[in-house]
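# Geometric and topological summary
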Amino acid sequence: MKNAYWKLETGMHCDAPPKLFSYARKNRLFPTETEAMLWDALKRHSLLPYKFRRQHPVGRYIVDFYCHSKRLAIEIDGGYHQTGEQRQYDEYRTAELNRLGIREIRFANDDVRSDFWGVLEGIWSALEQ
């Protein structure tokens with residue numbers, strides 16, 4: 001039997017295991033400052049007609065924000081994402097999401113704080129591709 005994570009899934013969760021859903025619920029209770037900032041804009045439908053979900057299980061991962069209609073994941077990265085080991089993991093994770101047919105874009109916490117409108121423009125640009 002083939003591993004479900006490696007085939008292109010059309011479902012919204014790409015066979016995410018049940019335990020990820022409880023982790024995602026916990027993550028939604030305690031967002032980071034920058035996740036809360038971005039979610040506030042996304043939930044007000046600032047990027048209509050696109051709908052986003054936050055802390056969304058997909059495959060073996062939980063993505064910070066997800067637009068299913070465009071199969072676009074958005075990640076907000078803290079400083080620890082700059083370490084070599086974390087970068088390597090992030091690249092692997094992005095490659096797995098790509099195999100599931102999901103594009104991923106990343107923004108640093110500092111970008112969200114200092115250039116919020118630029119981040120929204122970057123998201124809009126990715127949605128319109």
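Refer to the structure presented above.
Quick look at the structure, then.

Okay, the sheet that holds strand β2 (residues 61–67) next. An order of β1-β2-β3-β4 is seen for the 4 strands of this open sheet, with the pairing classed as mixed. Two strands in the sheet have a free side with no partner beyond their single neighbour: β1 (53–58) and β4 (103–108). For this sheet, the mean angle separating the axes of adjacent strands, direction not counted, is 45°. Judged from the 5 bridges that link them, β1 and β2 form a sheet pairing that is antiparallel. Bridging across to β2, Val58 finds its partner in Tyr61. Running at roughly 35° to β2, helix α2 (residues 33–43) makes contact with β1, β2 and β3 (72–77) of the sheet.

Buried residues dominate β3, accounting for 6 of its 6 residues. Relative to β3, β2 is paired through 3 bridges, and the arrangement is antiparallel. Note on β3: the bridge partner recorded for Tyr66 is Ala73. Pairing between β3 and β4: 6 bridges, direction parallel. The residue of β4 that forms the bridge with Ala73 is Glu104.

Conventions adopted
Residues numbered from 1 in each chain as written. Predicted model: local features only at pLDDT ≥ 70, side-chain atom pairs only at ≥ 80, totals over all residues. Heavy atoms only, no water. Pairing = 2+ DSSP bridges. Helix = DSSP H or I, 4+ residues; strand = E, 2+ residues; numbered from the N terminus. Axes fitted to C-alpha atoms, helices over the stretch in contact; angles between N-to-C directions. Contact = heavy atoms within 4.5 Å. Buried < 20%, exposed > 50% of the residue type's maximum accessible area, 1.4 Å probe, protein only.

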